[in-house]
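A closer look at the structure
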Amino acid sequence: MNIQALLSQFGEKYLLALLTTYKLTASAFILALILGTVITIMRVSPVKPLRVVADFYVQIFRNIPGSALLIILVYALPYLNVILSYYAAVLIATTLIPAAFCSEYLMSGMNTIGTGQIEAARSLGMTFLQSIKNVVIPQAVRSSVLPMTNLLVATMLTSALASQVPLNPTDLTGIVSYINTHAVGGVTAFLISAILYCGTAVIIGQVGNQIDRKVRILR
Amino acid sequence: MAQEQNKTERSEQTPVIELRHVDKHYGSLHVLKDVNLSVQKGEVVVIIGPSGSGKSTLCRTINRMETIDAGEILIDGEHLPEEGKKLAQLRSEVGMVFQSFNLFAHKTILDNVTIGPREVLHTPKKEAQEEALRLLKRVGVDTQAHKVPAQLSGGQQQRVAIARTLAMHPKAILFDEPTSALDPEMIGEVLDVITELAKEGMTMVIVTHEMNFARRVADRIIFVDHGVILEENTPEAFFTQPKTQRARDFLNTLKGRDK
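Reading guide: rules and limits
- The written sequence of each chain sets the order in which its residues are numbered from 1.
- Written order decides the labels, with chains lettered from A and ligands numbered from 1.
- For a predicted model such as this one, the threshold for reporting local features is a pLDDT of at least 70, and the threshold for listing and counting side-chain atom pairs is 80 or more; totals across whole chains, interfaces and linings nevertheless cover every residue.
- Each side-chain value is derived from all of the structure's non-hydrogen atoms; neither hydrogens nor water enter the calculation.
- Runs of E in the DSSP output that reach at least two residues are strands. Runs of H or I that reach at least four are helices, and both are numbered from the N terminus.
- In this description, contact between two residues means that some pair of their heavy atoms is separated by no more than 4.5 Å.
- Note on areas: these come from Shrake-Rupley sampling with a 1.4 Å probe, and a residue is covered only by the protein chains present in the view.
- For this count, His and the chain ends are skipped, Lys and Arg are scored as positive, and Asp and Glu as negative.
- All charge positions are set by atom: Lys at NZ, Arg at CZ, Asp at CG, Glu at CD.
- Burial status follows relative accessibility: with a 1.4 Å probe on protein chains alone, a residue under 20% of its type maximum counts as buried, one over 50% as exposed, and anything between as partly exposed.
- Taken from the helix axis, the directions to the C-beta atoms give the arc we talk about.
- As a working definition, buried area equals the accessible area (1.4 Å probe) given up by two parts on being put together, with both sides summed.
- Salt bridge, as applied in this entry: a Lys or Arg side-chain nitrogen positioned within 4 Å of an Asp or Glu carboxyl oxygen.
- Here a polar contact is taken to be a pair of N or O atoms separated by no more than 3.5 Å, where protein atoms must pair a possible hydrogen donor with a possible acceptor and residues adjacent in sequence count only if both atoms sit in side chains.
- Amino acids are sorted into nonpolar (Ala, Val, Leu, Ile, Met, Phe, Trp, Tyr, Cys and Pro), charged (Asp, Glu, Lys and Arg) and polar (every other residue, Gly among them).
- Paired strands, in this sense, are two strands between which DSSP finds at least two bridges.
- All axes here are fitted lines through C-alpha atoms, helices being fitted over the stretch that makes contact, and every angle between N-to-C directions spans 0 to 180 degrees.
- Just so you know how the angles are binned, under 35 degrees is roughly parallel, over 145 roughly antiparallel, 65 to 115 roughly perpendicular, and the rest oblique.
- Whether a crossing is left-handed or right-handed is set by the direction in which the near helix is turned from the far one by less than a right angle, anticlockwise for left-handed and clockwise for right-handed.
- Scored between 0 and 100, pLDDT is the confidence that the predictor attaches to each residue.

Points about the overall build of chain A
A count of helices and strands for chain A gives nine helices and zero strands. Going from the N terminus to the C terminus, chain A shows its helices and strands as α-α-α-α-α-α-α-α-α. In terms of overall dimensions, chain A has a C-alpha envelope of 70 × 45 × 20 Å along the principal axes. Contacts spanning at least 24 positions in sequence make up 77% of the contacts within chain A whose residues lie at least 6 apart. Carbon and sulfur atoms provide 68% of the accessible area of chain A, an area that totals close to 11,100 Å². Of the charged side chains in chain A, 13 are positive and 6 negative, and the gap between their average positions amounts to 7 Å.

Remarks on helix α3 (residues 66–76) of chain A
Residue and element names in this part refer to chain A. Of all the positions in α3, only Gly 66, Leu 69, Leu 70, Leu 73 and Val 74 are classed as buried. End-on view of α3: buried residues confined to an arc of 120°, all on one side of the axis. Next to the buried residues of α3 lie α2 (48–63) and α4 (86–110).

So, the interface of chain A and chain B
Bring the parts together and some accessible area is lost; that lost area is often taken as the interface size. Contacts between chain A and chain B engage 21 residues on the former and 26 residues on the latter. Together chain A and chain B conceal approximately 2,000 Å² of surface at their shared face, both sides included; 62% is due to carbon and sulfur atoms. One can count three salt bridges joining chain A with chain B. Taken together, chain A and chain B are joined by nine residue pairs in polar contact (both at pLDDT 80 or more). Its residues assigned to classes, the side of chain A that touches chain B comprises eight nonpolar, eight polar and five charged.

Examining unusual backbone geometry
With an omega dihedral of 0°, the bond running from A:Asn168 to A:Pro169 counts as a cis peptide bond. Note on placement: A:Pro169 falls in the loop between α7 (145–158) and α8 (174–182). The phi torsion at B:His21 lies on the positive side, around 50°, for a residue other than glycine. Inspection of the secondary structure assignment puts B:His21 in strand β1 (residues 17–26). Residue classification places B:His21 among the partly exposed residues on the basis of a relative accessible area of 47%. The residue B:His226 is not glycine, and still its phi comes out positive at about 50°. Structurally, the position occupied by B:His226 is in the loop between β9 (220–225) and β10 (228–233).

Some thoughts on the pattern of salt bridges
In the structure shown here, the tally under the stated rule is 25 salt bridges over all chains. The salt bridge involving A:Lys133 is made with B:Glu119; its shortest N-O contact spans 3.2 Å. One end of the pair, A:Lys133, is in helix α6 (residues 128–142); the other, B:Glu119, is in helix α4 (residues 109–121), on a second chain. Here B:Lys171 and B:Glu93 are joined by a salt bridge, their closest N and O atoms 2.9 Å apart.

With respect to the pairing of strand β8 (residues 203–207) of chain B
Residue and element names in this part refer to chain B. In terms of burial, β8 is largely enclosed, as five of its five residues are buried. Burial along β8 is two-sided: the face carrying Thr 203, Val 205 and Val 207 and the face carrying Met 204 and Ile 206 are both buried. As judged from the four bridges shared by strand β3 (residues 44–48) and β8, these two strands associate in the parallel manner. By the bridge assignment, Val 45 is partnered in β8 with Val 205. With five bridges connecting them, strand β7 (residues 172–176) and β8 associate as parallel partners.

Digging into the side chain of B:Asp225
Positionally, B:Asp225 belongs in strand β9. In this view, B:Asp225 contacts B:Pro50, B:Ser53, B:Leu230 and B:Arg246; residues no more than four positions away in its chain are not counted.

A few points about the packing of α7(A) against helix α9 (residues 186–215) of chain A
All names here are of chain A. Between α7 and α9, the shortest axis-to-axis distance is 8 Å and the interhelical angle comes to 160°. As the angle between them shows, α7 and α9 are arranged roughly antiparallel. The crossing of α7 and α9 is right-handed. Within the contact between the two elements, α7 uses Val 145, Leu 146, Thr 149, Leu 152, Val 153, Met 156 and Leu 157 and α9 uses Tyr 197, Thr 200, Ala 201, Ile 204, Gly 205, Gly 208, Asn 209, Ile 211, Asp 212 and Val 215. Taken together, the residues of the contact of α7 with α9 break down into eleven nonpolar, five polar and one charged.

What about the confidence of the model for chain B?
In the predicted model, chain B carries a mean pLDDT of 91, and 94% of its residues have values of at least 70. Contacts of residues 1–11 of chain B to residues separated by more than four positions or lying in other chains number three contacts, the stretch itself having pLDDT below 50.

Written out as structure tokens, the structure reads:
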């Protein structure tokens, strides 16, 4: 089948698949940013057990393959009487891994802040959390816009894990298997998905550059 | 006579800052050795000494930017607490001005000055901004209020840092080599602001290499070398007739440098 035939027969399904991918990506990215920020604050906190736990988290989830994590969530957790929906399992896998990378990017963003500024915050009477909130995190975020842009793209690509479980509607990668079991889409079916992934990534990159230019800190 | 009486009364008051038998080591380096110092309200104490003598460390222990190994530090008669909410509260009452200004790079000049009162003292935004503008005007950088630190000269940044500290209404201000990172032509403008504060009766501890300034502004000079307070003296006496040989040598090296 050529592209035109595929689009006329499966156009609506592609659209739904694209929306599923977007929905997964957006929710996972937001959750990953929140979790990654919390992990990062734990990693720099004065409380040692928090640092140890958070460092351990990053080591685990930065290094685990997405599909392995998904298998654990879907097949191993039921033994602990935790039964997740397929969507939830994919969302969690797509959150936990990017959260580890998010924390790494924030840590390197923090390293651009001089200890002097943190001392200044403390000398004004700010508590640890106040100096994190007012001085450290805002600057770490501003100087990590570009890596975060990459993280959003990576999160989108990780969301392709959704193709490994039955979902309806399925995602952009899942749709390819769907088409190839119902018709002969061949590599063209995949090409359409690939174009949609790439197009989205290009847009994300452009927007990321714009944001970076706006919030970059003069030094 | 009345003046004399006044003086005794003052010395009987609880000192704003008091260090008793303070010791500190960096590994095997003994940076502060049995340091005793008390600073009365309204007093300007200038700490001088060669590089590496421990004078900056001494200044930084006062608000616990550096911890000490032994001894006691009291602010207004109260012991410095451990790291935590109480220490934060105490730090808000003792201002600090750093060698490298340390303004918050992502905030405007105005926000740099308002953030302390807003976050720590919970001052309403409008009030904090009005006071910030007043303080910025006082240090002569009010026209730069909406720029970010990187757009200002070093001298301007340091004056903003002083305004940021003043916004907290501190009992005392610690200056840790406030002009050492400045180009020579900008040192004067910062020292003028500090001199002004001294005239207004602000309690200050100043670490500096600017001897003329020290002589002009100090009520008392503390000479530190190898972590020991070797001499405490009035500025006149210290600069004309230092008691210790080491202070004489130190002053002579400086004279040599100026020629």
